Amino acid sequence: MEDQVDILRCKSCAATLSGIYCGQCGQKVIQRRITMRAIFDDIFSQISNVDKGLIYTFFMLFKKPDQVVLDYLAGKTIKYSSPFKYLVFWTAVSALIYIGFGFYDQQIAGMDNLMQSSEDQKVNEFTTLYNDLMKQNFQLFSILYIPFFAIFTRVFFKKSGLNYAEHLVANAYFSAQASIVFMPLLLFNLNMDLITTLSMLSMTLYYTYASHKLFKQGWLAAFFKVVMIYLLSIFLFGLVAAIVLIPIVFLQKQ
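Along each chain, residues carry numbers from 1 onward, in the same order as the chain's sequence is written. Per-residue local features are limited, in this predicted model, to residues with pLDDT of at least 70; the limit for side-chain atom pairs, both in listing and counting, is 80 or more; totals at the level of whole chains, interfaces and linings are taken over all residues. Based on all heavy atoms of the structure, the side-chain values leave hydrogens and waters out of the count.

(A) Local environment of the side chain of S211. Strands here mean DSSP runs of E at least two residues long; helices mean DSSP runs of H or I at least four residues long; both are numbered from the N terminus. For S211, the position within the fold is in helix α8 (residues 192–214). In the analysis that follows, any N or O atom pair within 3.5 Å is treated as a polar contact, provided that within protein one partner can donate a hydrogen and the other can accept it, and provided that, for residues neighboring in sequence, both atoms belong to side chains. Looking at S211, its side chain comes within polar contact range of the main-chain oxygen of Y207, at 2.8 Å.

Structure below.
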């Protein structure tokens, strides 16, 4: 009888159907022909689902960052954008604004003015190539920074009982949100040095707030731990990046 009614079997794996999705392979049951209306309905459904998760996560990470992380770790994921999808999205937006509108170039130029050029031409060439490589892979390096941050949040907040993978989840959410905090500063016609200082301060303050909520730390303790985490993460990331990038830069030079 089942073989006579095509709708009762999954069109992908032929398993018996008992709902709108196949219990065997997850294929959605589609009974109608593909039409232009069906295509637009599908596009709207996908966009609205992404937007709902993204917008809800965005507001909740300001309101209750601890709840977002703890809910996700507890398996209550349906309301939220996944941490790494959220991170990729906002680092892409950040890179688009920061690189596309020339803020990165202004920052590098400001640093060059503060630091005297080396008399060694090879060092200057290496610095230029290194900065170009960082610019071309700004989003990638922003994401690769997270594992280093997670190392030190686990060290400084070890009493939380979270393992390293869980710290990665928390840092993916918090780093993405911290990158959003500084974006409004770019709308104002401020000195680049001031923008850099204010962006670092705003991101540190957000991380302090999120750490205070998630790790149940006092405000002052959370602030000093976050500052130490930033400094140690930047040092370790810079050291590893230099070791990895030095041969790549010289290979590009050749």
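(B) Just the packing of helix α6 (residues 138–156) against helix α7 (residues 164–181), in detail. As a packed pair, α6 and α7 sit with axes 8 Å apart at the nearest point and diverge in direction by 120°. As for the relative orientation of α6 and α7, their crossing is right-handed in sense. Only Y164, H167, L168, N171, A172 and S175 of α7 make contact with α6, whose side of the interface consists of I146, P147, F149, A150, I151, T153 and R154. Three categories are distinguished: nonpolar for Ala, Val, Leu, Ile, Met, Phe, Trp, Tyr, Cys and Pro, charged for Asp, Glu, Lys and Arg, and polar for the others, with Gly belonging to the last. Per-class residue counts for the contact of α6 with α7 are eight nonpolar, four polar and one charged. Axis definition: a line fitted to C-alpha atoms, over the contacting stretch in the case of helices. Angles run 0 to 180 degrees between N-to-C directions. Take the far helix as your reference; a near helix turned counterclockwise from it by less than a right angle gives a left-handed crossing, and one turned clockwise gives a right-handed crossing. We call two residues in contact when some of their heavy atoms are within 4.5 Å.

(C) Main features of helix α2 (residues 65–73). Throughout, exposure labels follow a simple rule: accessible area from a 1.4 Å probe, protein chains only, divided by the maximum for the residue type, with under 20% read as buried, over 50% as exposed, and the rest as partly exposed. Along α2, the residues that are buried comprise P65, D66, V68, V69 and D71. Just downstream of α2 lies G75, where phi reads positive at about 95°.

(D) Region of the structure containing the packing of aromatic side chains. A pair of aromatic rings is counted whenever rings of Phe, Tyr or Trp (Trp by its six-membered ring) have centres within 6.5 Å, and the orientation is called stacked for planes under 30 degrees apart, edge-to-face for over 60 and tilted otherwise. This model, assessed by the stated rule, comprises 21 aromatic pairs. Ring geometry for F58 and F59: centres 5.2 Å apart, planes at 80°, overall edge-to-face.

(E) Fine view of the packing of α2 against α7. One way to put it is that α2 packs onto α7 with a least axis distance of 10 Å and a crossing angle of 140°. Considering the angle they form, α2 stands oblique to α7. The element α2 and its partner α7 pack so that their crossing is right-handed. Where α2 approaches α7, its residues P65, V68, V69, Y72 and L73 are matched on the opposing element by E166, V169, A170, Y173 and F174. In what follows, roughly perpendicular refers to angles from 65 to 115 degrees, roughly parallel to angles under 35, roughly antiparallel to angles over 145, and oblique to any angle outside these ranges.

(F) Local environment of unusual backbone geometry. Here the phi dihedral of K216 falls at roughly 55°; this positive angle occurs in a residue that is not glycine. If you trace the backbone, K216 turns up in the loop between α8 and α9 (219–253).

(G) Geometry of the nonpolar core. Core analysis: the largest hydrophobic core is formed by 46 residues, its most contacted members being Y86, Y173 and F174. Elements represented by at least two residues in this core include exactly α1 (36–63), α2, α3 (83–100), α6, α7, α8 and α9. Broken down by element, the residue count for this core peaks at nine residues, all from α7. Those residues in contact with F174 that sit more than four places away from it in its chain are L61, P65, V69, Y206, Y207, A210 and L214. Note on terminology: a nonpolar core comprises buried Ala, Val, Leu, Ile, Met, Phe, Trp, Tyr and Cys residues joined through side-chain atoms within 4.5 Å.

(H) Seen up close, α6. One fewer than the residue count of a helix, multiplied by 1.5 Å, yields its expected span. The first and last C-alpha atoms of α6 sit 27 Å apart over 19 residues, in line with the 27 Å expected at 1.5 Å per residue. Taken together, the buried positions of α6 are F138, F141, Y145, I146, F148, F149, A150, F152 and T153.

(I) Layout of the environment of V169. Counting through the fold element by element, V169 comes out in helix α7. For V169, a relative accessible area of 9% corresponds to the buried category. Taking the C-alpha atoms as reference, V169 lies 6.0 Å from P83; in sequence the two are 86 residues apart. Once residues lying within four places of it in the same chain are set aside, the contact partners of V169 are Y72, L73, P83 and F84.

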